[in-house]
Amino acid sequence: MRISAINSSNSIYGKIASGRRIQTAKDDAAGLSIAQKMKRQSNGLDMAASNIMDGIGVANIKDGALNSMQDSLHRIYELSIKASNSIYGDSEKQMIQDEVDQILQDIESTAVGTQYNEMKLMDGSMADMNIASNADGSGMKIQMENMTLKSLGIDGYNVTGNFDIGRIESAIDKVISARSATGSRTNAMEYAYNSNTRTSLETVGARSRIEDLDIPKAVSEQKRNKLLQDYRMMVMRKKMQNDSMVVKMFGM
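Draft legend 1. How the structure looks around the overall build of the chain. For the chain, the helix and strand inventory stands at six helices and four strands. Per-residue burial over the chain gives 31% buried out of 252 residues. If you take every contact in the chain between residues at least 6 apart in sequence, the share linking residues at least 24 apart comes to 72%. When the accessible area of the chain is evaluated, it comes to approximately 15300 Å², of which 53% is carbon and sulfur surface.

This is the structure:
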């Protein structure tokens, strides 16, 4: 009984030191299994939340680039209306075209140069990006649009001759549609991020209630065990003293 009591005391000391009720499977096999599943779930949710933040970063970069394109296209639209005015001669229209050419170049540079982690986001070279936003690795997609001049239908746009301003209107509509889709996906990712972090915290709390030690209760149990152990030792010493006295009495 003394060895059992010592082992029990050591076990309680170890639990108090670690603050954990379950240190080995023998402490609570079912509780350990449940706690480990919860740990896996919370870790998955935390990593999914990190993935979502990366996805939001991609979406924000895209939206900034699309906003720049949208402003540029509106400027080309204004210049196109200006060039439609008959009071401007060929030289004035050429000056307008020079500005249009510069803006077109900027749009193309934005489409080709917008990147995240060296991945081009808007030149049509990349498939839709999968964001693992769930704890099981599944998730949602961010659409990777092609925003090059050719895809927008404004490659070689020129206002010095006969031109169709409707090409610019269509390009603007395409950019607005892409921005709208990006914004909707950003909102969805923000919702998923908040849901994941909230669920992870709740899961960690539930796991803590299974694994963590009730310190006051454990200390009280440890003191009780020590008192019992001391009492047993006292009884054993008393018995040994009595046995010794009996031996001496009969020996005499």
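And the narrative resumes.
Draft legend 2. Here's a closer look at the packing of aromatic side chains. Scanning all chains against the criterion turns up one aromatic pair. Ring plane angle 75 degrees and centroid distance 6.0 Å describe the contact between Tyr157 and Phe163, whose orientation is recorded as edge-to-face. Given the relative accessible area of 1%, Tyr157 is considered buried. Overall, Phe163 belongs to the partly exposed group, its relative accessible area being 22%.

Draft legend 3. The arrangement of the environment of Met119 in detail. Looking at the element boundaries, Met119 is found in strand E2 (residues 119-120). Residue contacts for Met119: discarding those within four places in its chain leaves Thr114, Met126 and Met129.

Draft legend 4. A look at the nonpolar core. Ranked by size, the top nonpolar core spans 37 residues in total, and within it Met69, Ile76, Ile107, Met147, Ile154, Tyr157 and Met189 carry the most contacts. Going through the elements one at a time, helix H2 (29-83), helix H3 (90-113), strand E3 (129-131), strand E4 (140-142), helix H4 (149-152) and helix H5 (166-211) are the ones with two or more residues in this core. The leading source of residues in this core is H2, at eleven residues.

Draft legend 5. Region of interest: H3. Over its 24 residues, H3 runs 34 Å from end to end, which matches the ideal 34 Å to within 8%, given 1.5 Å per residue. Restricting attention to buried positions, one finds in H3 the residues Lys93, Ile96, Gln97, Val100, Ile103, Leu104, Ile107, Thr110 and Ala111. Each element contacted by the buried residues of H3 is listed here: H2 and H4.

Draft legend 6. Focus on the confidence of the model for the chain. Of all residues in the chain, 75% attain a pLDDT of 70 or more, and the chain-wide mean is 84. Here helix H1 (residues 2-18) stands out as the element of the chain with the lowest mean pLDDT, 51, in contrast to H4, whose mean of 97 is the highest. The model gives residues 1-9 a pLDDT under 50, and that stretch makes seven contacts with residues more than four places away or in other chains.

Draft legend 7. Spatial organisation of the environment of Lys150. Tracing the backbone through its elements, the reader meets Lys150 in helix H4. Taking C-alpha positions, Lys150 is 9.1 Å from Glu108, a pair spaced 42 residues apart along the chain.

Draft legend 8. Examining the packing of H2 against H3 more closely. Here H2 crosses H3 at 165 degrees, and the two axes come no closer than 10 Å. Comparing their axes, H3 and H2 come out roughly antiparallel. The two elements H2 and H3 meet at a crossing, and its hand is left-handed. Judged by residue contacts, Ala65, Met69, Ser72, Leu73, Arg75, Ile76, Leu79, Lys82 and Ala83 of H2 engage Lys93, Ile96, Glu99, Val100, Ile103, Leu104, Ile107, Thr110 and Ala111 from H3. Residue classes in the contact of H2 with H3 are distributed as twelve nonpolar, two polar and four charged.

Draft legend 9. Highlighting the pattern of salt bridges. Summed over the entire model, instances satisfying the criterion amount to four salt bridges. With its nearest N and O atoms 2.5 Å apart, the salt bridge here joins Glu145 to Lys62. With a gap of 83 residues between them, Glu145 in the loop between E4 and H4 and Lys62 in helix H2 connect regions that are remote in the sequence. For the pair Glu145 and Lys62, a shared accessibility class is recorded, and that class is buried. If you follow the salt bridges from partner to partner, you end up with Arg75, Glu78 and Glu99 in one network.

Draft legend 10. Molecular detail of unusual backbone geometry. Despite not being glycine, Asn117 has its phi angle at roughly 55 degrees, a positive value. Relative to the helices and strands, Asn117 is located in the loop between strand E1 (115-116) and E2. With a relative accessible area of 62%, Asn117 lands in the exposed category. Although it is not a glycine, Glu118 sits at a positive phi angle of roughly 65 degrees. Relative to the elements of secondary structure, Glu118 occurs in the loop between E1 and E2. What makes Glu118 exposed here is its relative accessible area of 74%.

Reading guide: rules and limits
Residues numbered from 1 in each chain as written. Predicted model: local features only at pLDDT ≥ 70, side-chain atom pairs only at ≥ 80, totals over all residues. Heavy atoms only, no water. Helix = DSSP H or I, 4+ residues; strand = E, 2+ residues; numbered from the N terminus. Buried < 20%, exposed > 50% of the residue type's maximum accessible area, 1.4 Å probe, protein only. Contact = heavy atoms within 4.5 Å. Areas by Shrake-Rupley, 256 points an atom, 1.4 Å probe, with all protein chains shown as cover. Phe/Tyr/Trp six-rings, centres within 6.5 Å; stacked < 30°, edge-to-face > 60°. Core = buried A, V, L, I, M, F, W, Y, C linked by side-chain atoms within 4.5 Å. Expected span 1.5 Å × (residues − 1). pLDDT = per-residue confidence, 0-100. Axes fitted to C-alpha atoms, helices over the stretch in contact; angles between N-to-C directions. Parallel < 35°, antiparallel > 145°, perpendicular 65-115°, else oblique. Left-handed = near helix turned anticlockwise from the far one by under 90°. Nonpolar A, V, L, I, M, F, W, Y, C, P; charged D, E, K, R; others polar. Salt bridge = Lys/Arg side-chain N within 4 Å of Asp/Glu carboxyl O.

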